[in-house]
Amino acid sequence: MTSETTTESPEAADVPPSGPAPEKKRVPQGHGRLLTRRDRFTLALMAGVPTILHVALVWVTALASIALAFTTWDGIGFDAIKWVGLDNFTQLFSDNPQFWPAVEHNIIWFVALILIPTPMGLFLALQLDKNIRFSRVYQTAYFLPVVVSLAVTGFVWQLVYNPDTGLINSIIGANTPGHYIDWIGDPDLNLWAVLVAASWRHTGYMMILYLAGLKGVDPSLREASALDGANEWQTFKNVVFPTLRPTNTVVLVVTIIEALRAFDLVFVFNKGAQGTELLSILITNNIIGESSRIGYGSAIAVVLLVISLAVIIPYLIATFRKERRA
Amino acid sequence: MHRSSFGQPNTGSSRRAVLRGLGGAAVLGAGIPLLSACGGSSSSAGDSKTVTLGSNSSDAVPKKAFAEIYAAFTKKTGTKVDVNTKDHNTFQEQINSYLQGTPDDVFTWFAGYRMQFFAAKNLASPIDDVWTKIGGNFPDAMQKLSKGADGKYYFVPLYTYPWALFYRKSVFQEKGYQVPTTWDQLVALCKQMKKDGMVPIAFGDKDAWPAMGTFDQINFRLNGYDFHVELMAGKAAWTDAKVKAVFDHWAELLPYHQDGFMGRTWQDAAQTLVSKKAGMYLLGTFVAQQFTNKADLDDLDFFAFPEINSAYGQDTVEAPTDGFMLSKSPKNHAAAVKLLEYLGTPEAEQIYLKADSSVVAASSKADTSSYTALQKKAYSMISGAKSLTQFMDRDSRPDFTSTVMQPGLQKFLQNPKGVDSLLSSIERQKKQIFAS
């Protein structure tokens, strides 16, 4: 495309103007003179509308949310907004019994997703990449949980974990008085129970990402390492895994995002009761509903935003630096 | 070249005329039902004969019952009721923005603090004029429930239901249990049931609100109605020794509750009463919905939570009441008032109760002859009460109960020994919320 326009431009400058817009000729070098008024209008429309939408729906709302974090507001009438400074944050950090557990659970969520389903997904992807029989069937089976809505996943798993009629307790006979295993309610158990469900889904997601990454690994690399006498593990460790570097970055970012926005599964599972508090659920509980605490909820949202930025900014810096070097 | 749908040669301008004509026909079409509705009554002409109503009764049974009430109203007055039904939970979650936007003239809501909150925010209109007509239909306790903090009426109650301890008559008869009337008798009965291999008290707190019901019962039996009101309004301190005593009593009863309750819904807990595995269950009369077998339902009975403090006896009944309110600036004020007046009659309540037998009429004038045994008992329990409470989340700020009390009570249930630190944490958060 660019070569086409550059070949066109000297031509346009040489040929005397046959049509209107002679002032265009006076415009010195640059892109401007290549664009008719119509082009500029189209460009403005195509760049402007998304910009306006982006600013209005992302930046304005984010900044409004940050501003609201320093106020108290019940959501009824704008004159009810009262400036309270840092009160929301001090209350959040010192008096809210659910806040620190929620932060902890978000971190556990991330660590668990990185430690268990991610290697599992990589393992499955490696197996499926070998073109074994029925590979498509396995691929579909493992990927299916990702396609299913998380709300449905949560609903299905809470049926599995139901203390009286659930699958697990019925099989191991833990649904009689005195022997209950309360998978959903016990604060020592429920986070892990729900993480099993989350991992079940995340494995399929990671598998697809790695499978795509593996398709991009040059087969001649494997061949070369085989010729050098490396065994399968050595090939993977020294040749395949290093070439998966871009995929690993994507996997890391996706997993961080998954951990920070974890919500629907837990909300359906037990509404974020003790043991499964998450930042996203605290925000929802405080903002949604009647006589909502919008200021307080926004303060929690700001904390979540700061955590997200702390994770994403170093990643972006690293990426941009690499691009500049390239 | 152009040909209109009427098959005549056409130009641009006459096409516009056709469009105009179509628009006019649409307006006329919309007008026809209004005109025909006008025919029935002789009241002030020119007044639009439709009143809009926002409803949260999305379940099939109540929805149909309400539709019958509105149909009867239309038949009587000629005013059409335009109902806008939303999912029950969605309605509650959106109530703030709904009432601030362009709400329907009349909307369904709950009595108690949750009604007074919107009245105080000027999101509802006072309806003292309605109450001059319907006041005689209701007992004092209901009248008290329908007033805002400013002493004006804002609410028309339709039906109510009590919370109580439910049990199976056949089980009590077979095992020779007596209905307990004092705390000591209740504890003794629990012990006996446990010895007999039963679950003394069925319990499920997955939804986090059932525990509030238990707290309420022990609290107003022990500390009385006035303390309940003060505590819920944020005036009394949660660190008060009186509150501590409530939790001490609760902790005494806790070993007799069905275990594994944190992951159990109230429906599943009710099933243990249906299957006679549990002896008692503290819940509202809606527990009867789980008794689908007629013989089981006939076997179901209940008694008021036993006396703890002789100063208060069993004088308070927790009876959540549902009804209607008038929005801040109804489009059709006159018709909305008429509708509210009608909804406050025993006639309207009876139409509702015919369809839904798990509740009782709020009015003391309603005909009780068609009541089931459970309804009769519920009715006499409510009408005999000195004071009526609504429920923790209806008597207090919803933001406080949902973000502090629900997790707080669950925490107590998991660790009854940590009451002191829990209560000071609740008190700190309460002060912050009630100060805003």
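Predicted model only: the values in this text are computed from it and were never measured.

Novice: Would you mind going over the overall build of chain A in detail, with residue names and values included?
Specialist: Looking only at helices and strands, one finds 16 helices and 2 strands in chain A. Pairs at least 24 apart in sequence give 64% of the contacts found in chain A among residues at least 6 apart.

Novice: Got a sec to walk through the overall build of chain B? Specific residues and values, please.
Specialist: When you go through chain B residue by residue, the secondary structure sums to 18 helices and 12 strands. Put simply, chain B has 436 residues, and 47% of those count as buried.

Novice: Account for the interface of chain B and chain A, naming residues and giving values.
Specialist: Each partner contributes to the interface: chain B provides 31 residues, whereas chain A provides 30 residues. The biggest single contributor to the side of chain B that touches chain A is helix H17 (residues 398–414) of chain B, with 8 residues. Of the residues contributing to the side of chain B that touches chain A, the split by class is 8 nonpolar, 13 polar and 10 charged.

Novice: So what about the domain arrangement of chain B? Which residues, and what values?
Specialist: Residue and element names in this part refer to chain B. By domain assignment, chain B separates into domain 1 (50–161 + 321–389) and domain 2 (163–318 + 397–435). With centres defined by C-alpha atoms, the gap from domain 1 to domain 2 works out at 28 Å. At the interface, 15 residues of domain 1 touch 19 residues of domain 2. At the level of secondary structure, the elements contributing two or more residues to the side of domain 1 that touches domain 2 comprise helix H4 (113–120), helix H15 (373–383) and strand E12 (387–389).

Novice: Please give an account of the pairing of strand E4 (residues 155–160) of chain B that cites residues and values.
Specialist: Residues and elements named next belong to chain B. Counting buried positions over the 6 residues of E4 gives 6, a clear majority of the element. Relative to strand E10 (residues 321–326), E4 runs antiparallel, the two being bridged by 5 bridges. By the bridge assignment, Phe-155 is partnered in E10 with Met-325. Bridging between E4 and strand E11 (residues 360–361) involves 2 bridges; their strand directions are antiparallel. From the neighbouring strand, Thr-160 faces E11, where its bridge partner is Val-360.

Novice: Could you give me a rundown of the sheet that holds strand E5 (residues 163–168) of chain B, with the residues and numbers involved?
Specialist: All names here are of chain B. Strand order in the open sheet formed by 4 strands is E6-E7-E5-E8, and the pairing between neighbours is mixed. Both outer strands of the open sheet, strand E6 (199–202) and strand E8 (300–303), are each paired with one neighbouring strand and no more. Direction aside, neighbouring strands of the sheet carry axes that sit 30 degrees apart on average. Taken together, the 3 bridges between E6 and strand E7 (residues 278–284) define a ladder with parallel strand orientation. Bridged to Val-199 within E7 is Ala-278. Its contacts with the sheet put helix H11 (residues 266–274) on E5, E6 and E7, and the angle it makes with E7 is roughly 140 degrees.

Novice: Quick one: what's the story with the pairing of strand E2 (residues 80–85) of chain B, residue by residue and with numbers?
Specialist: Residue and element names in this part refer to chain B. For strand E1 (residues 50–55) and E2, the ladder comprises 6 bridges, and the chain directions are parallel. The partner of Ser-55 across the bridge, within E2, is Thr-85. Assessed by its sense of winding, the connection that carries the chain from E1 through helix H2 (residues 60–77) to E2 is right-handed.

Novice: I'd like a rundown of H15 of chain B, residues and numbers included.
Specialist: All names here are of chain B. Every buried residue of H15 is listed here: Leu-374, Gln-375, Ala-378, Met-381 and Ile-382. Mapping the buried residues of H15 onto a view down its axis gives an arc of 125 degrees, with all of them on the same face. Those residues of H15 that are buried are in contact with E4, E8, strand E9 (316–318), E11 and E12.

Novice: Summarise the confidence of the model for chain A; cite the residues concerned and give the values.
Specialist: A residue-level look at chain A finds 89% of positions with pLDDT of 70 or above and a mean pLDDT of 84. Counted against residues more than four places away or in other chains, residues 1–25 of chain A, with its pLDDT under 50, gives 5 contacts.

Novice: Explain the sheet that holds strand E3 (residues 106–110) of chain B to me, and be specific about the residues and the numbers.
Specialist: Residue and element names in this part refer to chain B. Spatially, 6 strands are ordered E2-E1-E3-E10-E4-E11 in an open sheet, and the strand pairing comes out mixed. A strand with exactly one partner marks an edge of an open sheet, and here the two such strands are E2 and E11. Taken strand by strand, H4 contacts E3, E4 and E10, and its axis lies near 135 degrees from that of E3.

Novice: Can you lay out unusual backbone geometry for me, pointing to particular residues and giving the numbers?
Specialist: Even without glycine at this site, Lys-271 of chain A takes up a positive phi of about 60 degrees. Exposure remark for Lys-271 of chain A: the 16 C-beta atoms within 10 Å place this residue in the partly exposed category. Notably, Asn-122 of chain B is not glycine yet its phi reads approximately 60 degrees, a positive angle.

Novice: Talk me through the environment of Ala-361 of chain B; I want residue IDs and the actual numbers.
Specialist: Here Ala-361 of chain B shows up in strand E11. Judged by C-beta crowding, with 25 C-beta atoms within 10 Å, Ala-361 of chain B ranks as buried.

Novice: For the packing of helix H6 (residues 117–128) of chain A against helix H10 (residues 190–215) of chain A, give the residues involved together with the corresponding values.
Specialist: Residues and elements named next belong to chain A. Look at H6 against H10: their axes get within 7 Å of each other, and the N-to-C directions meet at 45 degrees. Judged by the angle between their axes, H6 and H10 are oblique. As H6 runs across H10, the sense of the crossing is right-handed. Between H6 and H10, the contacting residues are Pro-117, Thr-118, Met-120, Gly-121, Leu-122, Leu-124, Ala-125 and Leu-128 on the first element and Ser-199, His-202, Thr-203, Tyr-205, Met-206, Met-207, Tyr-210, Leu-211 and Leu-214 on the second.

Novice: Go over helix H10 (residues 241–253) of chain B, please, and point to the residues and values.
Specialist: In this model, H10 of chain B (13 residues) spans 19 Å end to end at C-alpha, consistent with the 18 Å of a helix rising 1.5 Å per residue. Contact partners of the buried residues in H10 of chain B: helix H9 (210–232), H17 and helix H18 (419–435) of chain B.

Novice: I'd like a rundown of the packing of H17 of chain B against H18 of chain B, residues and numbers included.
Specialist: Residues and elements named next belong to chain B. Relative to each other, H17 and H18 sit at 175 degrees, their axes nearing to 11 Å. Between H17 and H18, the angle is such that the two are roughly antiparallel. On H18, the residues touching Asp-399, Phe-400, Val-404, Gly-408, Lys-411 and Phe-412 of H17 are Val-419, Leu-422, Ile-426, Gln-429, Lys-430 and Ile-433. A per-class count over the contact of H17 with H18 returns 7 nonpolar, 2 polar and 3 charged.

Novice: Run through the environment of Asp-82 of chain B, naming residues and quoting values.
Specialist: All names here are of chain B. Mapped onto the elements of the fold, Asp-82 is located in strand E2. On a C-alpha basis, the gap between Asp-82 and Gln-92 in space is 20 Å, while along the polypeptide they are 10 residues apart. Once residues within four sequence positions are removed from consideration, Asp-82 is found in contact with Thr-50, Thr-52 and Leu-53.

Novice: Can you explain the nonpolar core? Please cite residues and give values.
Specialist: Counting 161 residues, the largest nonpolar core has Phe-166, Tyr-281, Leu-339 and Leu-340 of chain B as its most contacted members. With residues near it in sequence (within four places) discarded, Phe-166 of chain B still touches Leu-273, Met-280, Tyr-281, Leu-283, Val-287, Leu-300 and Phe-302 of chain B. The next biggest cluster of nonpolar side chains, apart from the first, holds 12 residues, and it includes Leu-122, Leu-124, Ala-125 and Met-207 of chain A.

Novice: Can you tell me about the confidence of the model for chain B, naming the residues and giving the values?
Specialist: In the predicted model, chain B carries a mean pLDDT of 86, and the fraction of residues at 70 or more is 89%. pLDDT under 50 marks residues 1–46 of chain B. Its contacts with residues more than four places away, or in other chains, come to 18 contacts.

Novice: Describe the environment of Phe-155 of chain B, naming the residues involved and giving the relevant values.
Specialist: Residue and element names in this part refer to chain B. With respect to the helices and strands, Phe-155 occurs in strand E4. Classification of Phe-155 as buried rests on a count of 29 C-beta atoms within 10 Å. Remark: the alpha-carbon pair of Phe-155 and Lys-431, spanning 276 residues in sequence, is separated by 29 Å. For Phe-155, the residues in contact, after removing those within four places along its chain, are Ala-111, Met-115, Ser-146, Gly-323 and Met-325.

The rules behind the values
- Residues numbered from 1 in each chain as written.
- Chains lettered and ligands numbered in written order.
- Predicted model: local features only at pLDDT ≥ 70, side-chain atom pairs only at ≥ 80, totals over all residues.
- Helix = DSSP H or I, 4+ residues; strand = E, 2+ residues; numbered from the N terminus.
- Contact = placed C-beta atoms within 7 Å.
- Buried ≥ 20, exposed ≤ 12 C-beta atoms within 10 Å, placed from the backbone.
- Nonpolar A, V, L, I, M, F, W, Y, C, P; charged D, E, K, R; others polar.
- Domains from an automatic or database assignment.
- Pairing = 2+ DSSP bridges.
- Axes fitted to C-alpha atoms, helices over the stretch in contact; angles between N-to-C directions.
- Right-handed = clockwise from strand over helix to strand, strands pointing away.
- Arc of directions from axis to C-beta.
- pLDDT = per-residue confidence, 0-100.
- Parallel < 35°, antiparallel > 145°, perpendicular 65-115°, else oblique.
- Left-handed = near helix turned anticlockwise from the far one by under 90°.
- Expected span 1.5 Å × (residues − 1).
- Core = buried A, V, L, I, M, F, W, Y, C linked by C-beta atoms within 7 Å.

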